[in-house]
Amino acid sequence: MPTTPPPGAVLPPRAPGAPAPGTVLDPHYDLCFGCGPDHPQGLRLTAVAGEGLTVDSRFTVREVHQGAPGLAHGGVLTTAMDEALGTLSWLLHAPAVTGRLETDFVRPVPVDADLHIHARVTGVHGRKVYSAAEGRIGGPDGPVAVRAQALFVQVKLEHFTTHGRPEDIKQALDDPDLFKRARAFEVNP
């Protein structure tokens, strides 16, 4: 399963009603390890809709994210890239799950560093969404630390309600905030 778009892939327009450029994207689920504000060890990654089919995200590496002493764990960095790439689904208004993710580590990321991730859709072919991202240390123009390419597969709501843990699905569905309830199942980066 390649992560580069095949011949015939297109760059679709931004979905009608997609968040406007500059809009901060709410977490899709409060307990999501990647973007949820209520996950105690989570990344708490924040994302802002960019121009076209792009999203700019950021997270601060905390002590709980380290692998080698004082450095971010590679799996945590991969998770951050996955989360940032997954937020692109908001711009297409199509829930999707990760099918394949390739990550290249360019330089170590120290604890307390901010990782700025710029993600973009590179093509869509049927239900397959191809994307790429770069993570930079300290700011959008900082040195590149991580690169990733991914293939996401668009799915229906039933994917989440059939495979998720019943008590978590119930908690999300019982949320009185209709918007939050819908967002909980829109993306699964």
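On a predicted model such as this, the values are computed, not experimentally measured, just so you know. (Residues numbered from 1 in each chain as written. Predicted model: local features only at pLDDT ≥ 70, side-chain atom pairs only at ≥ 80, totals over all residues. Heavy atoms only, no water.)

1. Some words on the sheet that holds strand β2 (residues 46-49)
Step number 1: One open sheet accounts for 7 strands, arranged β1-β2-β3-β5-β6-β7-β4; its pairing is antiparallel. At either end of the open sheet lies a strand with only one pairing partner, and these are β1 (24-25) and β4 (96-105).
Step number 2: Pairing between β4 and strand β7 (residues 144-154): 9 bridges, direction antiparallel. Bridge pairing in β7 places Asp 104 opposite Arg 147. (Pairing = 2+ DSSP bridges. Helix = DSSP H or I, 4+ residues; strand = E, 2+ residues; numbered from the N terminus.)

2. A word on empty space enclosed by the protein
In this approach a probe as big as a water molecule rolls over the atoms, and the regions it shows empty are the leftover space.
Step number 1: Applying the stated criterion across every chain yields a total of 2 cavities of 30 Å³ or more.
Step number 2: Size it by volume and the largest cavity reaches roughly 70 Å³.
Step number 3: Along the walls of the largest cavity sit Leu 25, Asp 26, Pro 27, His 28, Cys 35, Leu 45, Thr 46, Ala 47, Glu 83, Thr 87 and Trp 90, which together make up its complete lining.
Step number 4: In terms of residue class, the lining of the largest cavity is made up of 6 nonpolar, 3 polar and 2 charged.
Step number 5: Put simply, the second largest cavity is a space of about 30 Å³.
Step number 6: Surrounding the second largest cavity, Leu 85, Leu 88, Ser 89, Leu 92, Ala 96, Val 129 and Phe 152 form its lining.
Step number 7: Of the residues contributing to the lining of the second largest cavity, the split by class is 6 nonpolar, 1 polar and no charged. (1 Å grid on protein atoms, 1.4 Å probe; cavity = no way out; pocket = protein on both sides within 12 Å on 5 of 7 lines; lining within 4 Å. Points joined across faces, edges and corners; volume = space filled by probe spheres on them. Nonpolar A, V, L, I, M, F, W, Y, C, P; charged D, E, K, R; others polar.)

3. Digging into the environment of Ala 15
Step number 1: Residue placement: Ala 15 occurs in the segment before β1.
Step number 2: Residue Ala 15 is classed as buried on the basis of its relative accessible area of 13%.
Step number 3: In this structure the C-alpha to C-alpha distance between Ala 15 and Leu 92, which are 77 residues apart in sequence, comes to 5.0 Å.
Step number 4: Setting aside chain neighbours within four positions, we find Ala 15 in contact with Leu 91, Leu 92 and His 93. (Buried < 20%, exposed > 50% of the residue type's maximum accessible area, 1.4 Å probe, protein only. Contact = heavy atoms within 4.5 Å.)

4. Structural notes on the pattern of salt bridges
Two side chains that carry opposite charge are able to pair once their charged atoms sit near each other.
Step number 1: Considering all chains together, one arrives at 4 salt bridges under this definition.
Step number 2: Across the pair Asp 114 and Arg 58 runs a salt bridge, and its minimum N-O distance is 3.2 Å. With a gap of 56 residues between them, Asp 114 in strand β5 (residues 114-125) and Arg 58 in strand β3 (residues 54-60) connect regions that are remote in the sequence.
Step number 3: Here Glu 102 ties to Arg 100 by a salt bridge, and the two come within 3.1 Å at their closest N and O atoms.
Step number 4: If you follow the salt bridges from partner to partner, you end up with Glu 134, Arg 136 and Arg 147 in one network. (Salt bridge = Lys/Arg side-chain N within 4 Å of Asp/Glu carboxyl O.)

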